Amino acid sequence: MAEESDLERTEPATPKRLEKARGEGQVARSQELTTFALLMAAAAGLLFLGAGLMDKLLKIMRAGMQMERDLAFQPDLMLNRFYELAFEGLIAIAPLLFLLIIVAFFAPMLLSGWMISAKALIPKFDRINPITGFSRIFSVRSLVELGKAIAKTIVIGGVAALMIWHNKEEVMALLTLPVDSGISRTGEYLAISFLLIIGAMILIVVIDVPFQIWEHAKQLRMTKEEIRKEHKEDEGDPFVKARIRGLQREAARRRMMAEIPKADVIVTNPTHYAVALKYKSETMRAPKVIAKGVHLLAARIREVAEEHRVPILEAPPLARALYYHAELESEIPEKLYAAVAEVLAYVFQLRRYHEYGGNAPPKLPVDVPVPDGLDQPRHAV
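Keep in mind it's a predicted model, so treat the numbers as computed, not measured.

Undergrad: Summarise the packing of aromatic side chains; cite the residues concerned and give the values.
TA: The description of an aromatic ring pair rests on the distance of the ring centres and on the angle between the ring planes. The final tally for this structure, using the stated rule, is five aromatic pairs. Where Phe 105 meets Phe 106, the ring centres are 5.0 Å apart and the plane angle is 85°; that geometry is what we call edge-to-face. Here Phe 105 falls in the partly exposed class, since its relative accessible area comes to 46%. Geometrically, the ring pair formed by Phe 211 and Trp 214 is tilted, given 6.0 Å between the ring centres and 35° between the ring planes. Taken as a pair, Phe 211 and Trp 214 lie in helix H11 (residues 202–219) at a separation of three residues, close to a single helical turn. Trp 214 gets classed as partly exposed once you look at its relative accessible area, which sits at 40%. Counting every residue linked through ring pairs, the aromatic cluster contains Tyr 273, Tyr 323 and Tyr 324. The ring of Tyr 323 has Lys 292 sitting right over it, with the charged end atom 5.2 Å from the ring centre.

Shown next, in the form of structure tokens:
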């Protein structure tokens, strides 16, 4: 039962899934909202521009109806006249067309914002699958679309009938007006009626927009298994990450062991801790730790040091302090300067003794001073 529940799409889409869907052109869309915005813009345009537009179109119509006798026998002149009148008509309706183009461009952004996706243009042949198409016919979405169509018919038809019934006397009075004023008045009535009828469609939009948002979220729902897989892809497979960390540690260990022959001295516990120090006065401000380890790694550090004749000095408190408080490939803490300086002084004197000889070898440091508490882990200090 648990496996079945993990495969059911019950979980909301993650931000990554939403972003991927948006990149593929899958966003919540409301055709009703876009249509409503276009029709409202057209109604508003007719209301504010209708009278002037009707006057201009009336003038163009009169000019087209009037024809000089010579034009009737010259088709070329008639064609040129037609082009001129058509251009004047286009100029007359250009403000309204420009308004509709702007609204058509920005209306879809009201719900989902700006989006450009080439994947939305790729044809999907599964849409012409008759079985899939048949299932879509009887889906919840199809029922909602049918309900919207019926609601639009009732709302628009009802508002139009009320408008005609309420203004029946004014409409009949148009027949008594002169042609110019009658056409202008008719344009105003049409614009107001159109605006009120389209305004009634807000009821359809109020229902459709939440439904489209809910339907979009439903389509993008994920299973618990998909969420776990996505999380694993984002965070990385723990087994793979552990393997990578292991390889990184192994590589770091190999680099560290390669640095041991360059060390000036190995400070040991003597068996549990080993720290390799290096100091070049020309390039370093303070000695650096180039290798350190405990137990088996400490034993390996000592073996490599012996193979390359690197001096090994037993100083348990200092070895522990360096291991706990000095970072690999970093300078030693200032509190350990004095202790390390004593060790390096002995190592350099021993090196000089082996190279040039002398009366007696340098005296081995005993009880190298380490500040209290530094030979313990940091949390214990």
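Undergrad: Talk me through a nonpolar patch on the surface; I want residue IDs and the actual numbers.
TA: A contiguous nonpolar surface patch, about 490 Å² in accessible area, is contributed by Leu 47, Phe 48, Leu 49, Ile 192 and Leu 196. Elements represented by at least two residues in the nonpolar patch include exactly helix H3 (31–65) and helix H10 (179–199). In terms of residues, the nonpolar patch owes the most to one element, H3, which gives three residues. Its location among the elements puts Leu 196 in helix H10.

Undergrad: Mind laying out the pairing of strand S3 (residues 288–294), listing which residues take part and the relevant values?
TA: On a regular strand, one side chain projects to one face of the sheet and the next to the other, so that they alternate. With respect to burial, S3 is a largely interior element, five of its seven residues being buried. Examined bridge by bridge, strand S2 (residues 273–278) and S3 share six bridges and lie antiparallel to one another. Opposite Ala 274, over in S3, you have Gly 293 as the bridge partner.

Undergrad: Account for the nonpolar core, naming residues and giving values.
TA: In terms of nonpolar packing, the biggest core is built from 25 residues, with Val 267, Leu 277, Leu 318 and Leu 322 touching the most fellow members. For this core, the elements supplying multiple residues, two or more each, are strand S1 (265–268), S2, helix H15 (316–325) and helix H16 (337–356). Sorting elements by how many residues they give to this core places H16 first, with seven residues. When residues no more than four places from it in sequence are discounted, the contact partners of Leu 318 are Val 267, Leu 336, Ala 339, Val 340, Val 343, Val 368 and Val 370. Counting 14 residues, the second largest nonpolar core, distinct from the first, contains Met 257, Ile 266, Ala 298 and Ile 301.

What counts, and where the lines are drawn
Residues numbered from 1 in each chain as written. Predicted model: local features only at pLDDT ≥ 70, side-chain atom pairs only at ≥ 80, totals over all residues. Heavy atoms only, no water. Phe/Tyr/Trp six-rings, centres within 6.5 Å; stacked < 30°, edge-to-face > 60°. Buried < 20%, exposed > 50% of the residue type's maximum accessible area, 1.4 Å probe, protein only. Helix = DSSP H or I, 4+ residues; strand = E, 2+ residues; numbered from the N terminus. Lys NZ or Arg CZ within 6 Å of the ring centre and 35° of its normal. Patch = residues over 30% accessible without salt bridge, like charges linked within 9 Å, V, L, I, M, F, W, Y side chains within 5 Å. Areas by Shrake-Rupley, 256 points an atom, 1.4 Å probe, with all protein chains shown as cover. Salt bridge = Lys/Arg side-chain N within 4 Å of Asp/Glu carboxyl O. Pairing = 2+ DSSP bridges. Core = buried A, V, L, I, M, F, W, Y, C linked by side-chain atoms within 4.5 Å. Contact = heavy atoms within 4.5 Å.

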